[in-house]
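# Topology and contacts: notes
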Amino acid sequence: FKSMIFVLIVVLIIFSNSSTNGANLMEISLNGAITDEKEFLSQIEIAKDPAIKGVLLNINSPGGGMSASVAISDAISSLKELKPVLAYASGTMTSGGYYAAIGANEIYANRGSFIGSIGVILQAPNIEKLADKIGISSQVVKAGEYKESGTYTRKWSKAERDELQRLVDRSYELFTTDVANARNLDLNRSNEWADARVFLASEALNLGLIDKISTYDEAKSRLKELSQVELDIWYEAPAIERFMSS
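The present account deals with the structure reproduced in this document. (Residues numbered from 1 in each chain as written. Predicted model: local features only at pLDDT ≥ 70, side-chain atom pairs only at ≥ 80, totals over all residues. Heavy atoms only, no water.)

### Some points on the overall build of the protein
Summing up its helical and strand segments, the protein has nine helices and seven strands in all. For the protein, long-range pairs separated by at least 24 residues make up 72% of all intrachain contacts whose partners lie at least 6 apart in sequence. (Helix = DSSP H or I, 4+ residues; strand = E, 2+ residues; numbered from the N terminus. Contact = heavy atoms within 4.5 Å.)

Printed below as a string of structure tokens:
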């Protein structure tokens, strides 16, 4: 029983160690494919603490889901209203990864990083011939003309393809408009920077997609400058959180 009480006390102490503990700067990482925004948004909530004077967004992501990328970008834009946010491309900052970055005050990048891929794609396999070969057929009951749009069991009809193209075009319009507004780019010249090409950092700089090529340490120094802190103290996640992540 005493051992259980001791363990309980230790756990409570660890969990109570969830404040910013004197930190005034915070780094949030966005790594890998963007499939869900919940974990990232929980980090944004911590960063809203008034004790945190600036946030470094370290991105190494090829992108992912449209809605999750938009949610992250909007959250960063809102955070920027409270304190400086600097996005840093440590590896890949493309598609939804770049969408996330445009919410920051400034975007810096490793000189070997990949930037861009501003575009939208929707795809699905067509397994109709394979299904016929092995004797599998689909049965569908639906309500709504376009409810089966995107099916992989047969070739899409022209009406279905046109509707899916409309959806992709509208999503692309949202993406490019948000980039143009955030980066002060000419939307009429979007074919130069938004044809889904991936650019090396130097090319992205010339196009206005990023603000500077720098090292990671230089990006941290710039955030310190923007945040106007004399001594930078970086936030560390509580021990229990680091343990669960590992």
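### Details of the environment of Trp234
Within the element layout of this structure, Trp234 appears in the loop between helix H8 (216-227) and helix H9 (239-245). For the pair formed by Trp234 and Asn21, sequence separation is 213 residues and the distance between their alpha carbons is 9.7 Å. For Trp234, the contacting residues outside a window of four places in its chain are Ala23, Leu25, Met26, Glu27, Leu56, Lys220 and Leu223. A polar contact is formed between the side chain of Trp234 and the side chain of Asp232, at a distance of 3.2 Å. (Polar contact = N/O pair within 3.5 Å; in protein donor to acceptor, adjacent residues only side chain to side chain.)

### Thoughts on the packing of aromatic side chains
This model, assessed by the stated rule, comprises two aromatic pairs. Across from the ring centre of Trp234, 4.7 Å away, lies the NZ or CZ of Lys220, which sits over that ring. (Phe/Tyr/Trp six-rings, centres within 6.5 Å; stacked < 30°, edge-to-face > 60°. Lys NZ or Arg CZ within 6 Å of the ring centre and 35° of its normal.)

### Brief notes about the nonpolar core
Ranked by size, the top nonpolar core spans 44 residues in total, and within it Ile76, Met93, Tyr98, Ile115, Val179 and Leu209 carry the most contacts. Counting residues per element, this core draws most heavily on helix H3 (residues 66-80), which supplies six residues. Setting aside anything within four residues of it in sequence, one finds Tyr98 in contact with Met93, Ile107, Ile115, Gly116, Ile118, Val179, Arg183 and Leu209. Judged by nonpolar contacts, the second largest core, of eight residues, contains Leu25, Leu86, Tyr88 and Leu223. (Core = buried A, V, L, I, M, F, W, Y, C linked by side-chain atoms within 4.5 Å. Buried < 20%, exposed > 50% of the residue type's maximum accessible area, 1.4 Å probe, protein only.)

### Things to note about the packing of helix H2 (residues 38-47) against H3
Where H2 contacts H3, the two axes come as close as 10 Å, and the packing angle between them is 5°. One element, H2, and the other, H3, form an angle in the roughly parallel class. Here Phe40, Leu41, Ile44 and Ala47 of H2 lie close against H3, whose contacting residues are Ala71, Ile72, Ala75, Ile76 and Leu79. Its residues assigned to classes, the contact of H2 with H3 shows nine nonpolar, no polar and no charged. (Axes fitted to C-alpha atoms, helices over the stretch in contact; angles between N-to-C directions. Parallel < 35°, antiparallel > 145°, perpendicular 65-115°, else oblique. Nonpolar A, V, L, I, M, F, W, Y, C, P; charged D, E, K, R; others polar.)

### Details of the side chain of Thr151
Tracing the backbone shows Thr151 in the loop between helix H5 (128-134) and helix H6 (158-183). In this structure Thr151 comes out as buried when scored by relative accessible area, which is 12%. Excluding residues that lie within four positions of it along the chain, Thr151 makes contacts with Pro125 and Trp156.

### Looking at the pairing of strand E3 (residues 85-94)
Of all ten residues that make up E3, eight are buried, and the element is covered over most of its length. Pairing geometry for strand E2 (residues 54-61) and E3, over six bridges, is parallel. The residue of E3 that forms the bridge with Asn58 is Tyr88. As a crossover connection, the stretch from E2 through H3 into E3 is right-handed. Alignment of E3 against strand E4 (residues 106-109), held across four bridges, turns out to be parallel. Within E4, the residue paired with Ala89 across the bridge is Ala109. For the crossover that starts at E3, traverses helix H4 (residues 96-101) and ends in the parallel E4, the hand is right-handed. As paired strands, E3 and strand E5 (residues 114-116) are joined by three bridges and run parallel to one another. Counterpart to Thr94 in the pairing with E5 is Gly116. (Pairing = 2+ DSSP bridges. Right-handed = clockwise from strand over helix to strand, strands pointing away.)

### Concerning the pattern of salt bridges
With the rule as written, the count across this model stands at twelve salt bridges. A salt bridge links Asp211 to Arg183; the nearest nitrogen and oxygen atoms lie 3.0 Å apart. Residue Asp211 is located in the loop between helix H7 (201-207) and strand E7 (212-213), and its partner Arg183 is located in helix H6; the two are separated by 28 residues in the primary sequence. In this structure, the salt-bridge partner of Arg197 is Asp195, at a minimum N-O distance of 2.9 Å. Within this structure, Glu106, Arg222 and Glu225 form a network of salt bridges that share partners. (Salt bridge = Lys/Arg side-chain N within 4 Å of Asp/Glu carboxyl O.)

### Structural notes on the side chain of Ser214
Within the secondary structure layout, Ser214 lies in the loop between E7 and H8. On the basis of relative accessible area, Ser214 is assigned to the buried category, the value being 6%.

Worth remembering: the numbers are spatial, not functional.
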